[in-house]
Amino acid sequence: MTSDHLLTAVLDVLAEVDPTEMFDRRDVLRAVRPAVDPPPGLDEVDEVLALLALPMLGGVVAVCDGVYRTGAATETVVARLRRLAEDVRAADDEDLADRY
């Protein structure tokens, strides 16, 4: 399993969550396990939730230890992830140009 498959599965799950409800990492794990092969573990789900909780992405909001609520709309989070990836690629290109 690649991390982008898990990220996509988690984003799909979050798109279906009622924004007024809270959920924990085990809820997410139960929801994504059937969609991802091989099934992820809690550590992998924790990593994705930590990424999505970063303020620059705002995909989830940590309510307390291991408990979250949804943040920005999935489409917004995807757009932010794409922008971040573009910025990283541009920075890598600049680093390569500076080296050679």
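Please read all numbers here as calculations on a predicted model, not as lab measurements.

A. Highlighting the overall build of the chain. Tallying secondary structure elements over the chain gives four helices and three strands in all. Listing the helices and strands of the chain from first to last along the sequence gives α-β-α-α-β-β-α. Expressed along its principal axes, the backbone C-alpha trace of the chain runs to roughly 50 × 30 × 25 Å. Here the chain holds 100 residues, and the buried ones make up 26% of them. Sequence-distant contacts, at least 24 apart, represent 50% of the contacts inside the chain between residues at least 6 apart. In the form shown here, the chain has an accessible surface area of approximately 6600 Å², with 52% of it arising from carbon and sulfur atoms. Of note, the chain has its 10 positive side-chain charges centred 2 Å away from the centre of its 21 negative side-chain charges.

B. Here's a closer look at a nonpolar patch on the surface. Together, L51, L54, M56, L84 and V88 make up an exposed nonpolar region whose accessible area comes to about 380 Å². Counting through the fold element by element, M56 comes out in the loop between α3 (42–52) and β2 (60–64).

Rules used in this analysis
Residues numbered from 1 in each chain as written. Predicted model: local features only at pLDDT ≥ 70, side-chain atom pairs only at ≥ 80, totals over all residues. Heavy atoms only, no water. Helix = DSSP H or I, 4+ residues; strand = E, 2+ residues; numbered from the N terminus. Buried < 20%, exposed > 50% of the residue type's maximum accessible area, 1.4 Å probe, protein only. Contact = heavy atoms within 4.5 Å. Areas by Shrake-Rupley, 256 points an atom, 1.4 Å probe, with all protein chains shown as cover. Lys, Arg positive; Asp, Glu negative; His and termini not counted. Charge placed at Lys NZ, Arg CZ, Asp CG, Glu CD. Patch = residues over 30% accessible without salt bridge, like charges linked within 9 Å, V, L, I, M, F, W, Y side chains within 5 Å. Salt bridge = Lys/Arg side-chain N within 4 Å of Asp/Glu carboxyl O.

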